[in-house]
Amino acid sequence: MAVQSSPPAPDEPTDTKGLLFAVSAYLLWGAFPFYFAFIKAAAPVEIIGHRVVWSFLFCLAGVLIWREVPQLRQTLRDRRLFAGLALAGALVSVNWLIYVWGVLNDHVVDAALGYFINPLITVSLAIVVLGERLRPVQKIALGIGALAVLVIAVGYGQVPWVALALAGTFATYGLVKKRVGGRVTPLVGLTVETTLLSPVALGYLIWLQSVGQGTFLNHGTGHTLALAAAGAVTAIPLLLFAAASSRIPLSMMGLIQYLTPVLQFAFGVWINHEVMPTPRWIGFGLVWVALVLLTVDSLRASRPRDVLSDPDTMN
C-alpha cells in the first residue's frame, strides 16, 4: 500500500521497533513460497479466490476494530478514488495469480528475478508515463538490466515471462497506488480493493465446491485452515510495513526490501532445486549490479528527503 508518512530525519537514531517491523514484513513476504507450497493441492486460481475473500474479511474486521469505517464510506463515495482502487485491485490480483502459478510450477527463481528487476521497471514507467528524466547512473542501470534480461532469454532459451509479468504488474500497481493510495490508509485501501473482487472470488469458490473440484474441505483440516489463513497471510506483512514506514527512514526501507527476493531466490535454488545454468547466473549478476548502482544513486539523491516507491505488495 502506498504509505505517505513523514520519515525520521537521516541523522535521528534508528527506531529499533520500526526496524524489527520492517524486517519482519519482508521476511514474511520472502517466506511466501513455503506457504504456497504447503497448500499446493489447490490450483492457483482457487488459492487467489481464497486469498481475496479471506483478505476482505480480515481487512473488514480490522476496519471495524480500528474504527476506520468513516474513511471507508468516504472512499466508496469518491468515484475517482474508487476507480483507482478498482484498477489497483485488478492489477494486484493478476500479480498474485502469476506469483502463485510460478511458485507451484517451479518458477520461484523467476519470481525472485521479477522482484529484483521491479525497481528497474518502475523507473522505466516513470519515463514513459510520468515523463521523468533519468540521471546518468539510472540510465546505466536500466541498460544493464535490459542486457540481463537479454542474456537470460538467449542463454536459457526462453524469455523470462514470469519475471517480466510480475515486475510489470507490480510496478504498474505501484504507479496506480502512488496516485490514489496516499489518500487512504493501507487497511482501507486493501479493504476496498478486495471488496470489489470478493463477489467474483466467492462465486467462483462456491461453484468450484459444488462441482467437486474445490479443495477447501476435501484435503484435511490443516489444508482448510491454511486456506482460511490467506487473509492474515496477506494483510499482516502489509500492516507491519505500514508501522515500520512511520518509524524508520524510507531509504532504509528501500534497502531492507531486497530481503524478499533474496529469500525467494534461495528457496528456488537450494530448496526447490531449480536449474541455474551459467547464463542465468550471469543474468542475475547483471541485475544485481544494476540494483547496486540504482540503490547508491537513489541514496545520494534522497539525502534531502527520503522517497520510496510503493512496495505493497509484494504478494
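Below: a short report on this structure. (Residues numbered from 1 in each chain as written. Predicted model: local features only at pLDDT ≥ 70, side-chain atom pairs only at ≥ 80, totals over all residues. Heavy atoms only, no water.)

Description of the pattern of salt bridges
Heads up, the condition is: Any Lys or Arg side-chain nitrogen located within 4 Å of an Asp or Glu carboxyl oxygen qualifies as a salt bridge. In this description a helix means any DSSP run of H or I spanning at least four residues, a strand means any run of E spanning at least two, and both kinds are numbered starting from the N terminus. Only protein chains enter the accessibility calculation, which uses a 1.4 Å probe; a residue is then buried when its area is under 20% of its type maximum, exposed when over 50%, and partly exposed in between.
Enumeration according to the criterion identifies three salt bridges in this entry. A salt bridge links Asp78 to Arg183, with the shortest nitrogen-to-oxygen separation between them at 2.5 Å. In this pair, Asp78 sits in the loop between α4 (69–77) and α5 (79–104) while Arg183 sits in the loop between α8 (161–180) and α9 (186–210), placing the two residues 105 residues apart along the sequence. By relative accessible area, which is 23% here, Asp78 ends up partly exposed. The exposure class assigned to Arg183 is partly exposed, which follows from its relative accessible area of 46%. For the salt bridge of Arg135 with Asp297, the shortest nitrogen-to-oxygen distance reads 2.7 Å. With Arg135 in the loop between α6 (108–128) and α7 (136–156) and Asp297 in helix α14 (residues 278–301), the pair connects residues that are 162 residues apart, well separated along the chain.

Considering the side chain of Ser93
Stated precisely, the cut-off is as follows: By the convention used here, residues are in contact when the closest approach between their heavy atoms is within 4.5 Å.
Along the chain, the position of Ser93 falls in helix α5. Every residue in contact with Ser93, bar those within four places of it in the chain, is listed here: Ile48, Val52 and Leu197.

Quick notes on the packing of aromatic side chains
Where two aromatic rings form a pair, the distance of their centres and the angle of their planes describe that pair. This is how it is decided: Pairing of aromatic side chains requires ring centres within 6.5 Å, counting the rings of Phe and Tyr and the six-membered ring of Trp. Pairs whose planes differ by under 30 degrees are stacked, by over 60 edge-to-face, and all others tilted. By the criterion adopted, a ring carries a charge over it if an Arg CZ or a Lys NZ lies within 6 Å of its centre and within 35 degrees of its normal.
Overall, the coordinates contain 18 aromatic pairs when judged by the stated rule. A centroid spacing of 5.4 Å and a plane angle of 45 degrees characterise the contact between Trp101 and Trp161, whose relative ring orientation is tilted. Taken as a pair, Trp101 in helix α5 and Trp161 in helix α8 lie far apart in primary sequence, 60 residues in all. Of the aromatic side chains, those joined through ring pairs into one cluster are Phe32, Tyr35, Phe36, Tyr99, Tyr115 and Phe170. Looking at Arg51, its charged tip hangs above the ring of Trp96, at a distance of 4.2 Å from the centre.

Focus: the packing of α7 against α14
Inclusion rule: Interaxial angles span 0 to 180 degrees and are taken between N-to-C directions of axes, which are lines fitted to C-alpha atoms, for helices over the stretch in contact. The cut-offs work like this: below 35 degrees is roughly parallel, past 145 is roughly antiparallel, 65 to 115 is roughly perpendicular, and the gaps in between are oblique. Rotating anticlockwise by less than a right angle from the far helix to the near helix defines a left-handed crossing, while the corresponding clockwise rotation defines a right-handed one. Residue polarity is assigned by list, with Asp, Glu, Lys and Arg as charged and Ala, Val, Leu, Ile, Met, Phe, Trp, Tyr, Cys and Pro as nonpolar; anything else, Gly included, falls into the polar class.
Two elements in contact, α7 and α14, have axes whose closest approach is 8 Å; the angle formed by their N-to-C orientations is 170 degrees. It follows from the interaxial angle that α7 and α14 lie roughly antiparallel. In this structure, α7 crosses over α14, and the sense of that crossing is left-handed. Residue-level inspection shows Val137, Gln138, Ile140, Ala141, Ile144, Gly145, Leu147, Ala148, Val151, Ile152, Gly155 and Tyr156 of α7 in contact with α14, the latter providing Pro279, Arg280, Ile282, Gly283, Phe284, Leu286, Val287, Val289, Ala290, Leu293, Leu294 and Asp297. Taken together, the residues of the contact of α7 with α14 break down into 18 nonpolar, four polar and two charged.

What about α5?
We count it as follows: Every helix has an expected span of 1.5 Å times one less than the residues it contains. Here a polar contact is recorded for every N or O atom pair within 3.5 Å, except that within protein the pair must consist of a potential hydrogen donor and a potential acceptor, and residues adjacent in sequence are included only if both atoms are side-chain atoms.
Along its 26 residues, α5 runs 37 Å from first to last C-alpha, staying within 8% of the 38 Å computed at 1.5 Å per residue. Sitting at the head of α5, Asp78 places a side-chain oxygen 3.2 Å from the backbone nitrogen of Arg80. A positive backbone phi angle near 60 degrees is found at Asp106, which sits one or two residues after α5.

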